Amino acid sequence: MGERHALVDTNPVANVKRPKVERKRWRILEPAEVPRVFKAFSDGRARRVFLTLALTGLRRSELVGLRWRHVDLVEGTLRVAESKSEEGERLVALPRTLADTLAEQFTSSPFRRLLGVESSGRKSPEPAPLSGEA
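What you are looking at is a predicted structure, and each value in this text was computed from that prediction instead of being measured. (Residues numbered from 1 in each chain as written. Predicted model: local features only at pLDDT ≥ 70, side-chain atom pairs only at ≥ 80, totals over all residues. Heavy atoms only, no water.)

## Quick word on the side chain of Thr56
When you line up the elements, Thr56 lands in helix 2 (residues 44–56). Of the polar contacts made by the side chain of Thr56, one reaches the backbone oxygen of Thr52; its length is 2.4 Å. Within polar-contact distance, the side chain of Thr56 engages the backbone nitrogen of Leu58 at 3.3 Å. In contact with Thr56, other than residues within four places in its own chain, are Leu78, Val92 and Leu98. (Helix = DSSP H or I, 4+ residues; strand = E, 2+ residues; numbered from the N terminus. Polar contact = N/O pair within 3.5 Å; in protein donor to acceptor, adjacent residues only side chain to side chain. Contact = heavy atoms within 4.5 Å.)

As structure tokens, this is what we get:
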């Protein structure tokens, strides 16, 4: 920028090489590890979030957008409304384990957010009622 505006003759960092940032590779859980990790969570909400991610393959951004209106416990499906797929929406089958877990959550508190997760990954301070959802 300084060169462009004739403030300096040469760019002092023109020949500097950027340091290589080592990217960490995610380690994917083996199927046998999923129940052990699930049991390691002491918080019920964290368990539901983990189970949903592990059994559906949802992205974090898709998880944040989930609402009860997207869940069909009778049909055993989950509609991902804010998907990165070409259609922008997709239907995901709910494994029985997850459907039972979500049904239990709905029975105990149907007016709370489905999983209570913010985009930052933190717990929502006070889950919003379904009627107030966007």
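Still to come is the rest of the account.
## Remarks on the packing of aromatic side chains
The tally for this structure, following the rule as stated, stands at 2 aromatic pairs. For the ring pair Phe41 and Phe50, a centre distance of 5.5 Å and an interplane angle of 40 degrees mean the geometry is tilted. Sitting over the face of the ring of Phe38, Arg47 holds its NZ or CZ atom 4.6 Å from the ring centroid. (Phe/Tyr/Trp six-rings, centres within 6.5 Å; stacked < 30°, edge-to-face > 60°. Lys NZ or Arg CZ within 6 Å of the ring centre and 35° of its normal.)

## Re the pattern of salt bridges
By the definition in use, this model includes 5 salt bridges. A salt bridge links Glu33 to Arg27; the shortest N-O distance between them is 3.0 Å. For Arg27, a relative accessible area of 58% gives the class exposed. For the salt bridge of Glu62 with Arg90, the shortest nitrogen-to-oxygen distance reads 2.5 Å. Here the residue Glu62 occupies a position in helix 3 (residues 60–64), and Arg90 occupies one in strand 3 (residues 90–93), the gap between them amounting to 28 residues. Exposure remark for Arg90: the relative accessible area of 25% places this residue in the partly exposed category. Counted as one network, the salt bridges with shared partners bring together Arg59, Glu62 and Arg90. (Salt bridge = Lys/Arg side-chain N within 4 Å of Asp/Glu carboxyl O. Buried < 20%, exposed > 50% of the residue type's maximum accessible area, 1.4 Å probe, protein only.)

## Section: helix 2
Residues spaced three or four apart along an α-helix face the same direction, because each turn holds 3.6 residues. Taking 1.5 Å of rise per residue, the 13 residues of helix 2 would be expected to cover 18 Å, and the 18 Å separating its terminal C-alpha atoms lies within 8% of that figure. Here helix 2 has its buried residues at Arg45, Arg48, Val49, Phe50, Leu51, Thr52 and Thr56. Check the buried side of helix 2 and you find it contacts helix 1 (33–40), helix 3, strand 2 (77–80), strand 3 and helix 4 (96–108). The opening residue of helix 2 is Asp43, an N-cap whose side-chain oxygen sits 3.2 Å from the backbone nitrogen of Arg45. Positive backbone phi, approximately 75 degrees, marks Gly57, located one or two places after helix 2. (Expected span 1.5 Å × (residues − 1).)

## Quick look at the packing of helix 1 against helix 2
Relative orientation of the contacting elements helix 1 and helix 2 amounts to 160 degrees, with a least axis distance of 9 Å. On the basis of the axis angle, helix 1 is roughly antiparallel to helix 2. Like other packed secondary-structure pairs, helix 1 and helix 2 cross with a definite hand, here right-handed. Along its contact with helix 1, which presents Val34, Val37, Phe38 and Lys39, the element helix 2 presents Arg47, Phe50, Leu51 and Ala54. Partitioning the contact of helix 1 with helix 2 into residue classes produces 6 nonpolar, no polar and 2 charged. (Axes fitted to C-alpha atoms, helices over the stretch in contact; angles between N-to-C directions. Parallel < 35°, antiparallel > 145°, perpendicular 65-115°, else oblique. Left-handed = near helix turned anticlockwise from the far one by under 90°. Nonpolar A, V, L, I, M, F, W, Y, C, P; charged D, E, K, R; others polar.)

## A look at the packing of helix 2 against helix 4
One can describe the packing of helix 2 onto helix 4 by two numbers: an axis separation of 10 Å at closest approach and a directional angle of 150 degrees. One element, helix 2, and the other, helix 4, form an angle in the roughly antiparallel class. Note that helix 2 runs across helix 4; the crossing there is left-handed. Residues Arg48, Leu51, Thr52, Leu55 and Thr56 of helix 2 form the contact with helix 4, whose own contacting residues are Thr97, Leu98, Thr101 and Gln105.

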